[in-house]
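Descriptive structure summary
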Amino acid sequence: MTADRPVSPPPVAESVGLLFVHGIGEQARWAHLRQSVVELAELLRRYGGETASVSVVDRTDHWQRPPGQPRLDDPAPITVSLRYRNQPAQGIDFHCHEVWWADLGHRSGLIDSVRFWIWGLGQWGAPIYLDRDASGLDSLDKDSPSRPRPRRPAVAMPRSVGGQLGHQLLTRFGLAWAGLVAVLTVLSWSLFKKVAGTLGDVSTSPSLLVQYLGDVQAYEERARPGQGLPSDPGHPRRVAIRRRMVAEMVAMAARPHSRWYIMAHSLGSVVAFNGIGEIGHTLPNYLPRAVWEALPDALTTDPDCPLREDIESMMPARPGWLGKRDCINRPALFARLRGLVTYGSPLDKFAALWPRIVAFETQPRDAGPERQIFADCAWVNLVANTDPVAGAIDRFAEPEGTPPGTNLPRLHNVRRTGRQLFGLAHVQYWQVPRPWDNTRADYYKAVIAWLTAARAPEPADDPSPPFGTRYVPGVPDYLTMIGQALALTMLLWAAGAVVIAAVVIPFAPEEWRIFGEVASSEAGWRDYARFALRLMPAVAAGALLILYLTGHLRWIGETWADHRLAALAKDTPHAKRLMRLATAQIAAGATSLALGIILMIWSWPAAAPKLVETGTTYAVLLFGLIMLANLLQSVINRAFWHAKPE
């Protein structure tokens, strides 16, 4: 009888965890996770094999838990199930979680927007200091064998451009170019929206630049008195963002997955890197008490964890319910982490400009192989050569003599195949191709094979990437990126001139318009185009003037703040060196600004200014002044960088 037949249990699918970290922008909760799951499911269905079937269970509509408050026994917000018709025992359940932090990013008030524009447009003039590290921890180079137990944690920072004259000049030039594009965007598209909204009584949305790049500002800037979040008063806003990353990361490691991966996009890759690089003694500070108390002993016990002696200086602050020696066992935490995938990542920019933000813990020199934390994990950094945010990550390295995989996963820069327009490539890393497009089939098959294969991890010293082609930028890549960036700049420049011309024609002097006998109100499109063309040098001069002033404002203002902070610890050699450098930079910045003002006043024509001639003169002058300021600041940085502290 049928009832007497033995019922075989269903095959148990492998449990794999995926932790997605979104990037910049005003994103609703679950928006990034849902879009990522849609792309993953379609790629699994198409490239997972002929007999593969994919199903999705979405629980996000009824999710009750607030962000950053995970429970270890909760099901995943979204589960993607992969099954094979002829091999049911090889099924995989991808349990997908998200680190959502968009509500902690940039604030959209008027003062915040003004501060953003000063920050963003003046970035080319901002100070770059490797030594300004808020952690107060030693680097491995300063580790002393005579230090008493308990041993202090040691950190390493990536190579900054601060001591590299050529790289710093190129970096500052690139930042000035980016600022110019931002100003031209405001003068073209943003101004057009405002005019259209005023004439048509249409409500226009805030600037996309503020919405998106404002998150970078919120993550980079130091703490401001009275402006912190309730969870972290007196600390930068990035601390609250890291709380959510660490909570979800630790919860993922505590769940019974056979392996798990971190998939981080854009600025989310910096958040993810901060999570895996945080010192074990500080990691519990980020956790809600309920998460800490639910963790297994294997994660909360580490007799070899280096401990901080200055607990009162920890960031974030140590909760009262934690003991002084409580820590997270980092080798156990990352034992089943098989991959860190970063795409559209600005980590190379953070390493160059703000190295203190992307510092990472290093193991003691006498650590054994059991402290080779990331020996089984690969770091894949996907790069599209038309993504202005992304780039090859080459400023992070293990300390000399350290085996690969000890402090960081083995890094592989991988080229994202296919062609994308400049800028749009940033959001198209997992774009599902059309059914007839096979140009990326081999690439996606390799990606899916890497995610679905339960094989032994690649050796830490294997130089070949787990999938794809190694990305080594060459001349064609640079020419493509520069060419598309230049085309975008010219397009915005011309558009800005056209929009401004339409606004100012009724008020422009007759000798500027040169419409002949045609009145300005009756001028045809050719006359408008002619006037817009004549206006372009003045538009460039105005944009460069804004860059020049905001750059010097950041140069002098932030350097003065650095000088005041160093003065609080003036008895240390580190602080004395920084005070001397800040003094030199303040003097150089003030001199550069005064020189520029004098030259601009001296260059103003005695007679009535001519639109083309005066605009061209000031555009060339301001470009030269910005380059001179870049050179001056870079030379002073290099001189002090290699000077020995007292």
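In this text the structure is predicted, and so the values were computed from the model without any measurement.

What counts, and where the lines are drawn
Residues numbered from 1 in each chain as written. Predicted model: local features only at pLDDT ≥ 70, side-chain atom pairs only at ≥ 80, totals over all residues. Heavy atoms only, no water. Helix = DSSP H or I, 4+ residues; strand = E, 2+ residues; numbered from the N terminus. Contact = heavy atoms within 4.5 Å. Areas by Shrake-Rupley, 256 points an atom, 1.4 Å probe, with all protein chains shown as cover. Salt bridge = Lys/Arg side-chain N within 4 Å of Asp/Glu carboxyl O. Buried < 20%, exposed > 50% of the residue type's maximum accessible area, 1.4 Å probe, protein only. Phe/Tyr/Trp six-rings, centres within 6.5 Å; stacked < 30°, edge-to-face > 60°. Lys, Arg positive; Asp, Glu negative; His and termini not counted. Polar contact = N/O pair within 3.5 Å; in protein donor to acceptor, adjacent residues only side chain to side chain. Core = buried A, V, L, I, M, F, W, Y, C linked by side-chain atoms within 4.5 Å. Pairing = 2+ DSSP bridges. Axes fitted to C-alpha atoms, helices over the stretch in contact; angles between N-to-C directions. Parallel < 35°, antiparallel > 145°, perpendicular 65-115°, else oblique. Left-handed = near helix turned anticlockwise from the far one by under 90°. Patch = residues over 30% accessible without salt bridge, like charges linked within 9 Å, V, L, I, M, F, W, Y side chains within 5 Å. pLDDT = per-residue confidence, 0-100. Nonpolar A, V, L, I, M, F, W, Y, C, P; charged D, E, K, R; others polar. Disulfide = S-S within 2.5 Å.

A tally of helices and strands in the chain yields 16 helices and 12 strands. For the chain, long-range pairs separated by at least 24 residues make up 81% of all intrachain contacts whose partners lie at least 6 apart in sequence. Summed over all atoms, the accessible surface of the chain reaches about 30,100 Å², with 62% contributed by carbon and sulfur.

Summed over the entire model, instances satisfying the criterion amount to 16 salt bridges. We note a salt bridge from Asp58 to Arg34, for which the minimum N-O separation is 3.7 Å. Taken together, the positions of Asp58 in strand 2 (residues 52-58) and Arg34 in helix 1 (residues 31-47) put the pair 24 residues apart, joining distant regions of the chain. With a relative accessible area of 40%, Asp58 lands in the partly exposed category. For Arg34, a relative accessible area of 31% corresponds to the partly exposed category. Here Lys349 makes a salt bridge to Asp348, at a shortest N to O gap of 3.4 Å. By relative accessible area, which is 16% here, Asp348 ends up buried. Residues joined in a network through salt bridges with shared partners are Arg34, Asp58 and Asp61.

Right, let's talk about the packing of aromatic side chains for a bit. Evaluated as defined, the whole model comprises 20 aromatic pairs. Taken together, a centroid distance of 5.2 Å and an interplanar angle of 65 degrees make the contact between Phe116 and Trp117 edge-to-face.

Before going further, it helps to spend a moment on the side chain of Arg242. In this fold, Arg242 is placed in helix 5 (residues 238-254). Although Arg242 lies buried, it forms no salt bridge, and the closest oppositely charged side chain, Glu278, sits 4.7 Å away as judged by the N-O distance. One polar contact links Arg242 to Tyr219, side chain to side chain, over a distance of 3.4 Å.

A few words on the nonpolar core. With 104 residues, the main nonpolar core has Ile262 and Phe396 as its most contacted residues. The element that contributes the greatest number of residues to this core is helix 14 (residues 525-568), accounting for 13 residues. Judged by nonpolar contacts, the second largest core, of 44 residues, contains Leu18, Leu33, Val414 and Tyr444.

Strand order in the open sheet formed by nine strands is 2-3-4-1-7-8-10-11-12, and the pairing between neighbours is mixed. A single partner strand is all that each edge strand has here, and the edge strands are strand 2 and strand 12 (469-470). When strand 11 (residues 410-415) meets strand 12, the two strands line up antiparallel, connected through two bridges. The residue bridging Val414 from the neighbouring strand is Arg470, located in strand 12. Relative to strand 7 (residues 259-265), helix 6 (residues 268-277) is tilted by about 140 degrees, and along the sheet it contacts strand 1 (14-21), strand 7, strand 8 (337-343) and strand 10 (378-383).

Once that is clear, we can look at the environment of Gly25. Along the chain, Gly25 falls in the loop between strand 1 and helix 1. The spatial distance from the C-alpha of Gly25 to the C-alpha of Asp103 is 9.8 Å, given a sequence separation of 78 residues.

Next up on the list: the packing of helix 5 against helix 6. Angle between the axes and distance between the axes are the two parameters that describe a pair of packed helices. Two numbers describe how helix 5 lies on helix 6: the axes approach to 9 Å, and their chain directions differ by 60 degrees. The angle between the axes of helix 5 and helix 6 places the two elements in the oblique class. In this structure, helix 5 crosses over helix 6, and the sense of that crossing is right-handed. Of helix 6, the residues touching helix 5 (which contributes Ile241, Arg242, Met245, Val246 and Met249) are Val271, Ala272, Asn274, Gly275 and Ile276.

Among the 10 residues in helix 6, 10 count as buried, and that is most of the element. Where helix 6 is concerned, the buried positions are Gly268, Ser269, Val270, Val271, Ala272, Phe273, Asn274, Gly275, Ile276 and Gly277.

Most of strand 3 (residues 78-84) is tucked away: six of the seven residues are buried. As paired elements, strand 2 and strand 3 share seven bridges and run antiparallel to each other. When the bridges of strand 3 are listed, Val56 appears paired with Val80. Here five bridges tie strand 3 to strand 4 (residues 92-99), and the two strands are oriented antiparallel to one another. Within strand 4, the position partnered with Leu82 by the bridge is Ile92.

Turning our attention to a nonpolar patch on the surface. Together, Leu595, Leu628, Leu631 and Val635 give the surface a local cluster of nonpolar side chains, amounting to about 310 Å² of exposed area. If one sorts the elements of the nonpolar patch by residue count, helix 16 (residues 611-641) sits on top with three residues. The residue Leu631 is located in helix 16 in this model.

Across the chain, the average pLDDT comes to 83, with 83% of residues at 70 or higher. Across the chain, element-level confidence peaks in strand 7 with a mean pLDDT of 97 and bottoms out in strand 5 (residues 138-139) with 44. Note on residues 131-150: pLDDT under 50 across the span, and 37 contacts to partners over four residues away in sequence or across chains. This model gives residues 515-521 a pLDDT under 50, and the stretch forms 12 contacts once residues within four places in sequence are excluded.

This part covers the packing of helix 1 against helix 11 (residues 441-452). Interaxial distance between helix 1 and helix 11 falls to 10 Å at its minimum, and their mutual angle equals 105 degrees. Compared by their axis directions, helix 1 and helix 11 come out roughly perpendicular. Here Leu40, Leu43, Leu44 and Tyr47 of helix 1 come into contact with helix 11, specifically with Ala441, Tyr444, Lys445, Ile448, Leu451 and Thr452. Of the residues assigned to the contact of helix 1 with helix 11, the class counts are eight nonpolar, one polar and one charged.

Here the focus is unusual backbone geometry. Note on backbone geometry: most residues besides glycine have negative phi, and most peptide bonds are trans. Note the cis peptide between Met315 and Pro316, where omega equals 5 degrees. Note that Pro316 resides in the loop between helix 8 (297-300) and helix 9 (330-333). You will see that Ser266, though not glycine, has its phi angle at about 55 degrees, which is positive. Position of Ser266 among the secondary structure elements: in the loop between strand 7 and helix 6. For Ser266, a relative accessible area of 1% puts it in the buried group.

Turning our attention to the state of the cysteines. This model, assessed by the stated rule, comprises zero disulfides. Free cysteine: Cys305, not disulfide-bonded; nearest cysteine sulfur from Cys327 at 3.8 Å. The class of Cys305 is buried, set by a relative accessible area of 8%.

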